[in-house]
Amino acid sequence: MTETTTPTGLQPPSQRLVVAVDGPSGSGKSSVSRAIARRLGAAYLDTGAMYRAVAWHCRHQGVLDDPDAVVAAVQDMDLVLSVDPDHERVVVGTDDITEAIREPGISAVVSVVATNRAVRELLVARQRAEIDAHRKIVAEGRDITTVVAPDADARILLTASAEARTARRAAQLGGAVEAKDLAEQVSGRDAKDSTVVDFMTPSDGVGLVDSTELDVEATIEAMLAEITRQQSNRTTKQTTNPEGDRA
Ligand SMILES: Nc1ncnc2c1ncn2[C@@H]1O[C@H](COP(=O)(O)OP(=O)(O)OP(=O)(O)O)[C@@H](O)[C@H]1O
Ligand SMILES: Nc1ccn([C@H]2C[C@H](O)[C@@H](COP(=O)(O)O)O2)c(=O)n1
């Protein structure tokens, strides 16, 4: 069956839309994906917040140094994560950790859990369930375009130069962080996280948006244009080859 489309090639509002966004630290994934979700009337899944919540929980339980205990802690973890793009909220058990997961102490240790492959498997399963539960959703992280939702309707790698990303992080933190700590928070963390997933180069079929020379609004516009382009391509393929690759 062929899907119906609007004159612009965008799917009508009643149809399912999954947008997957990956990219390195400071590329703008969270701020831009949240804004896109608002404009599309979609849910917003911040998968980095899940890894941060796991890091907070394991540190709270004093098990960060024990990989097996980390996995057990994730299995038992009672995590509630808001997917409302207008309302950020992360709760573990009875603890509201929305603010706590953004602290430098968590940024410094989050790679310990993010590079644990068993933890990744558990979180990927939760992320897929969350995506399946929503008709429209923008999900962002490091492995959404490749592992979590490789069949997403639109898949984008959002990049920016290391210099631009470091400058953005410095501005975000209000200049209160030393240069070496900033470099560790941006490039150092990416280097550790890159050992388990590739989020520096787009895989096949993933669109690339480079925000180095763009401000936030221009990046949002470039992302929306790329989403429209990929949706149009998919619609054209479905119209010209409705049976897909089936012989
Ligand atoms: N195109 C842009 N131009 C200028 N500043 C930007 C741009 N995109 C994002 N920013 C700013 O850069 C900072 C980092 O952005 P954001 O937190 O969205 O990045 P991120 O990729 O989600 O990082 P991380 O993965 O480390 O959480 C924020 O202060 C944001 O407002
Ligand atoms: N899909 C994901 C999302 C995040 N991570 C890791 C990478 C970061 O070190 C950490 C926190 O992410 P951030 O909030 O900075 O985007 O979680 C990952 O490995 N896979």
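Residues numbered from 1 in each chain as written. Chains lettered and ligands numbered in written order. Predicted model: local features only at pLDDT ≥ 70, side-chain atom pairs only at ≥ 80, totals over all residues. Heavy atoms only, no water.

As annotated in an unreviewed UniProt entry, the protein carries the name Cytidylate kinase and is attributed to Citricoccus zhacaiensis. Under the Sequence similarities (unreviewed entry) heading, UniProt states for the protein: "Belongs to the cytidylate kinase family. Type 1 subfamily." (UniProt positions renumbered as here; feature names shortened; annotations may be inferred.)

S.K.: For the overall build of the protein, give the residues involved together with the corresponding values.
M.R.: Helix and strand counts for the protein stand at nine helices and eight strands. Its C-alpha atoms give the protein a radius of gyration of 18 Å, within 12% of the compact-globule value 18 Å for 247 residues. Projected onto its principal axes, the C-alpha positions of the protein cover 55 × 40 × 35 Å. Counting across all 247 residues of the protein, residues that qualify as buried make up 47%. (Helix = DSSP H or I, 4+ residues; strand = E, 2+ residues; numbered from the N terminus. Rg over C-alpha atoms; globule rule 2.2 N^0.38 Å. Buried < 20%, exposed > 50% of the residue type's maximum accessible area, 1.4 Å probe, protein only.)

S.K.: Mind laying out the site of ligand 2, listing which residues take part and the relevant values?
M.R.: Around ligand 2, the surrounding shell holds 14 residues, and the nearest of these are Arg-52, Arg-120, Asp-143, Arg-189 and Asp-193. A distance of 2.5 Å separates an oxygen atom of ligand 2 from a polar side-chain atom of Asp-193. Isolated, ligand 2 exposes 450 Å² of accessible area, and the fraction of that covered by the protein chains is 97%. When contributions to the shell around ligand 2 are tallied by element, the ones reaching two or more residues are α2 (47-61), α4 (104-114) and α8 (179-193). (Near = heavy atom within 4 Å. Polar contact = N/O pair within 3.5 Å; in protein donor to acceptor, adjacent residues only side chain to side chain. Areas by Shrake-Rupley, 256 points an atom, 1.4 Å probe, with all protein chains shown as cover.)

S.K.: I'd like a rundown of the UniProt feature "binding site: ATP" (unreviewed entry) in the protein, residues and numbers included.
M.R.: Listed under "binding site: ATP" (unreviewed entry) in the UniProt record, and renumbered for this structure, are Gly-23, Pro-24, Ser-25, Gly-26, Ser-27, Gly-28, Lys-29, Ser-30 and Ser-31. Along the chain, Gly-28 falls in the loop between β1 (17-22) and α1 (29-40). Judged by its relative accessible area of 18%, Gly-28 falls in the buried class. Gly-28 has contacts with Ser-33, Leu-158 and Arg-168, leaving out every residue within four places of it along the chain. Turning to its location among the elements, Lys-29 is positioned in helix α1. Every residue in contact with Lys-29, bar those within four places of it in the chain, is listed here: Val-21, Asp-22, Gly-23, Pro-24, Arg-34, Glu-140, Gly-141, Arg-142 and Leu-158. A polar side-chain atom of Lys-29 sits 3.0 Å from the main-chain carbonyl oxygen of Pro-24. (Contact = heavy atoms within 4.5 Å.)

S.K.: Run through the nonpolar core, naming residues and quoting values.
M.R.: Counting 41 residues, the largest nonpolar core has Val-54, Val-90, Ile-97 and Ile-131 as its most contacted members. Here this core takes eight residues from α2, the largest share from any one element. Not counting residues within four places of it along the chain, the set of residues in contact with Ile-97 comprises Ala-53, Trp-56, Val-90 and Val-92. Listed in part, the 18 residues of the second largest apolar core include Ala-154, Ile-156, Ile-220 and Ile-227. (Core = buried A, V, L, I, M, F, W, Y, C linked by side-chain atoms within 4.5 Å.)

S.K.: An account of the sheet that holds strand β8 (residues 207-210) is needed here, citing residue identities and associated values.
M.R.: Through backbone hydrogen bonds, the strands of a sheet pair up, either in parallel or in antiparallel fashion. Strand order in the open sheet formed by five strands is β2-β6-β1-β7-β8, with parallel pairing between adjacent strands. Looking along the sheet, the strands with just one partner apiece sit at the ends: β2 (43-46) and β8. Each strand axis lies, on average, 20 degrees off the axis of its neighbour in the sheet, ignoring direction. Sheet analysis places β1 next to strand β6 (residues 136-141), joined by six bridges and oriented parallel. Bridged to Ala-20 within β6 is Ala-139. Together, β1, β2, β6 and β7 (154-159) form the strand contacts of α1, whose direction differs from that of β6 by roughly 175 degrees. Each of β1, β7 and β8 is contacted by helix α9 (residues 216-240), which is oriented at about 150 degrees to β7, the strand it contacts most. (Pairing = 2+ DSSP bridges. Axes fitted to C-alpha atoms, helices over the stretch in contact; angles between N-to-C directions.)

S.K.: Outline the pairing of β1, listing residues and values.
M.R.: A large share of β1 lies buried, amounting to six of its six residues. Pairing of β1 with β7 involves four bridges; the strand directions are parallel. Bridged to Val-19 within β7 is Ala-154.

S.K.: Residue-level account of helix α5 (residues 117-132), with values.
M.R.: Taking 1.5 Å as the rise per residue, α5 with 16 residues should run 22 Å; its terminal C-alpha atoms sit 22 Å apart, in good agreement. Looking at α5, one finds that the buried residues are Val-119, Arg-120, Leu-123, Val-124, Gln-127 and Ile-131. Buried residues of α5, viewed axially, fall in a sector of 130 degrees; they line one side. Residues Glu-121 and Asp-132 are exposed on α5 and point more than 90 degrees away from its buried face. The N-cap residue of α5 is Asn-116: its side-chain oxygen and the backbone nitrogen of Ala-118 are 3.1 Å apart. (Expected span 1.5 Å × (residues − 1). Arc of directions from axis to C-beta.)

S.K.: Account for the sheet that holds strand β4 (residues 90-92), naming residues and giving values.
M.R.: Read from one edge of the open sheet, three strands run β3-β4-β5, paired in antiparallel fashion. With one partner strand each, in any of the chains shown, β3 (79-81) and β5 (95-96) form the two edges of the open sheet. Alignment of β3 against β4, held across three bridges, turns out to be antiparallel. When the bridges of β4 are listed, Leu-81 appears paired with Val-90.

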